[in-house]
Amino acid sequence: MSIGLDPETRARLARTLDLVVNSSGLTDFNPDLRDALSSNLAPVAHLIEFLRESDHAGLLHLSTCYVVGARDGRVSEELRPNYTPLHVPEFDAEREWQFLREVIANAEARAESSEITAMLRRQALGRRQANAQPSGEEIENLIRKNRIRWLRTRMTRAGTRRARRLGWPNTYTMTKSLAESLIVKRGAGLPIAIVRPSIVESSTRPTNHSAGGTKASIPRRLFPICWAPTSASCPPTSASALT
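Below is a short write-up of the structure.

1. A word on the sheet that holds strand 3 (residues 192-195)
Phase 1 of the analysis: Judged by pairing direction, the sheet is parallel, and its three strands sit side by side in the order 1-2-3 without closing on themselves. The two strands at the open ends of the sheet, each matched to only one other strand, are strand 1 (19-22) and strand 3. Strand-to-strand, the axes of this sheet are offset by a mean angle of 15°, without reference to chain direction.
Phase 2 of the analysis: Bridge count for strand 2 (residues 58-62) against strand 3 is four bridges, and the pairing is parallel.

2. Quick notes on a positive patch on the surface
Phase 1 of the analysis: Together, R144, K145, R149 and R152 line one region of the surface with positive charge.
Phase 2 of the analysis: Examined against the element boundaries, K145 turns out to sit in helix 6 (residues 136-166).

3. Considerations on the side chain of T160
Phase 1 of the analysis: Here T160 shows up in helix 6.
Phase 2 of the analysis: Residues in contact with T160, not counting those within four places in the same chain, are N30 and T171.

4. What about the pattern of salt bridges?
Phase 1 of the analysis: Counted according to the given criterion, the structure contains 10 salt bridges.
Phase 2 of the analysis: When the shortest N-O distance is used, the salt bridge between E96 and R162 registers 2.7 Å. With E96 in helix 4 (residues 93-111) and R162 in helix 6, the pair connects residues that are 66 residues apart, well separated along the chain. Take E96 and R162: they sit in the same class, and that class is buried.

5. Structural notes on the packing of helix 2 (residues 33-40) against helix 7 (residues 171-186)
Phase 1 of the analysis: The interhelical angle for the contact between helix 2 and helix 7, taken along N-to-C directions, is 35°, at an axis separation of 10 Å. Here helix 2 and helix 7 pass one another in a crossing that is right-handed. Note on element contacts: helix 7 touches helix 2 through T171, Y172, T175, K176 and A179, opposite L33, A36, L37 and N40.
Phase 2 of the analysis: For the contact of helix 2 with helix 7, a count of residues per class yields five nonpolar, three polar and one charged.

6. So, the layout of surface pockets
Phase 1 of the analysis: Its volume calculated, the largest pocket comes out at about 320 Å³.
Phase 2 of the analysis: Residue lining of the largest pocket: 16 residues in total, with T27, S63, T64, Y172 and V200 positioned closest to the centre.
Phase 3 of the analysis: In this structure, the second largest pocket is lined by 17 residues; those nearest its centre are V68, V75, S76, E78 and R196.
Phase 4 of the analysis: Residues of the lining of the second largest pocket, tallied by class, amount to seven nonpolar, three polar and seven charged.

7. Things to note about the packing of aromatic side chains
Phase 1 of the analysis: The full count for this structure, using the stated rule, is two aromatic pairs.
Phase 2 of the analysis: With centroids separated by 5.8 Å and ring planes inclined at 35°, the aromatic side chains of F29 and Y172 adopt a geometry described as tilted. Separated by 143 residues along the polypeptide, F29 in the loop between strand 1 and helix 2 and Y172 in helix 7 bring together distant segments of the chain.
Phase 3 of the analysis: Judged by its relative accessible area of 11%, Y172 falls in the buried class.

About the thresholds
Residues numbered from 1 in each chain as written. Predicted model: local features only at pLDDT ≥ 70, side-chain atom pairs only at ≥ 80, totals over all residues. Heavy atoms only, no water. Pairing = 2+ DSSP bridges. Helix = DSSP H or I, 4+ residues; strand = E, 2+ residues; numbered from the N terminus. Axes fitted to C-alpha atoms, helices over the stretch in contact; angles between N-to-C directions. Patch = residues over 30% accessible without salt bridge, like charges linked within 9 Å, V, L, I, M, F, W, Y side chains within 5 Å. Areas by Shrake-Rupley, 256 points an atom, 1.4 Å probe, with all protein chains shown as cover. Salt bridge = Lys/Arg side-chain N within 4 Å of Asp/Glu carboxyl O. Lys, Arg positive; Asp, Glu negative; His and termini not counted. Charge placed at Lys NZ, Arg CZ, Asp CG, Glu CD. Contact = heavy atoms within 4.5 Å. Buried < 20%, exposed > 50% of the residue type's maximum accessible area, 1.4 Å probe, protein only. Left-handed = near helix turned anticlockwise from the far one by under 90°. Nonpolar A, V, L, I, M, F, W, Y, C, P; charged D, E, K, R; others polar. 1 Å grid on protein atoms, 1.4 Å probe; cavity = no way out; pocket = protein on both sides within 12 Å on 5 of 7 lines; lining within 4 Å. Points joined across faces, edges and corners; volume = space filled by probe spheres on them. Phe/Tyr/Trp six-rings, centres within 6.5 Å; stacked < 30°, edge-to-face > 60°.

Take a look at the structure:
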């Protein structure tokens, strides 16, 4: 795994860094599942590996208070490994991550199948203008674009369906919660803290005023809701069923 650094820089930072603040993430609520995993989950695994190689660096991970999912009532500030809002028995976040990668692999393979290619070709030919005879290159370009669109749509729907099945309202909150569970398991014994802000905004100068007058905003400063460190299945539906 890599955090995008050349070996020399990585080694130097591993010796000298005191704290890594991970605020990376994709805040699109229902994105392409591939983007959600690569932005909200994989970087956490990369950082934990880096921390284990470092001399003393700690991690401050920005999560979201909405990892709680679709639940009513009081919610304690407790980090629960392998959490799902519906308390799915024997759920395992590592296994879920692997399952979601299988969903992606199956959808990508199907996108290249003869069945989907034939469908996309019919769509491309159906868009011909009257009396127009598109060239073979134009048809192939249309097929390529439609294939990308088809796959992105399938991946967006797959993420949303899986999240709701487990009790989260969207792909964003599901993947952020899976990242927390990953930290609990892979980061055991490391100096890691998790904060769960309701929203994070930025300002060019210190201010105590609410941002932009929008009802959803809080003052423009990081608002830590919870911290956690230290160190809980859904028999996954078939990967093909989600796509």
